[in-house]
Every structure is written in structure tokens, then in C-alpha cells.
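# Structure at a glance
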Amino acid sequence: MKDTLGIYYYPNPTEKRVRMYVRVSFGQVEFRLWNSEHAEIWERHDWIPYPDIEAAAEEYKKRGSGSDPLELYDLNVAKRLLADEGVPCP
């Protein structure tokens, strides 16, 4: 899907108020969260490269607590959406 902010998917398909935007920058897939009820999330948080998300997931595994970032940031979905829009993916 695509709107004025960019290409996005719903990380939780039953929750349409939350979108995950994706793009390619400097050869990496990047993600940015948007929430219609919390506009400040978009304003305060910049694009996150996927390697940073993987590093956060490793920390999650070490600690064994909190939310696994890989459940929210889906690289396969992002690459598919980008490819469908004609965006070359790394």
C-alpha cells in the first residue's frame, strides 16, 4: 500500500491505526512506525535500518524479556512491497 508518506504495511492486520512504512536508503531497507492515535511517534522517531533492528532482536534474545522487534519489522514483507513498487532492494 502507498500514501503520501510512502509505502507501508500493517504490522498487525487487524489494527489499521498502526502502519509500518518502508523504504530503501543507502542500500538498506529502513522502517518507520506511524500510529494515528500517537502522531508524536512519527515526529520523534526517524527511519531505522534493518541491521539496527536485527541488533535489537539479539539483545531481546539475550534478555529474554520485552517485545521481539522481528515481530513488528518484517523484512520479507518490506522487500515484497518495495519490489511491487519498482524499488530495487538490496
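Structural notes, computed from the coordinates. Residue positions within a chain follow its written sequence, with the count starting from 1. Where local features are concerned, this predicted model is filtered to residues with pLDDT of at least 70; where side-chain atom pairs are given and counted, the filter is 80 or more; whole-chain, interface and lining totals use all residues. Values shown for side chains rest on all heavy atoms present in the structure; no hydrogens or waters enter the calculation.

### With respect to the environment of Leu 70
Filter applied, for reference: Secondary structure counts use DSSP, requiring at least four H or I residues in a row for a helix and at least two E residues in a row for a strand, with both numbered from the N terminus. The contact rule is simple, with two residues in contact once any of their heavy atoms fall within 4.5 Å.
Mapped onto the elements, Leu 70 comes out in the loop between α2 (50-63) and α3 (75-84). Spatially, the C-alpha atom of Leu 70 lies 6.5 Å from that of Ala 57, the residues being 13 residues apart in sequence. In contact with Leu 70, other than residues within four places in its own chain, are Tyr 50, Ile 53 and Ala 57.

### Examining the pattern of salt bridges
Spelled out, the test is: Here, a salt bridge means any Lys or Arg side-chain nitrogen found within 4 Å of an Asp or Glu carboxyl oxygen.
The tally for this structure, following the rule as stated, stands at nine salt bridges. Taking the shortest distance from any N to any O, the salt bridge between Arg 17 and Glu 37 comes out at 2.4 Å. A residue pair is termed long-range when its members are at least 10 positions apart, and Arg 17 in the loop between β2 (6-9) and β3 (18-25) and Glu 37 in the loop between β4 (28-35) and α1 (40-44) qualify at 20 residues. One connected set of salt bridges, linked through shared partners, spans Glu 15, Arg 17 and Glu 37.

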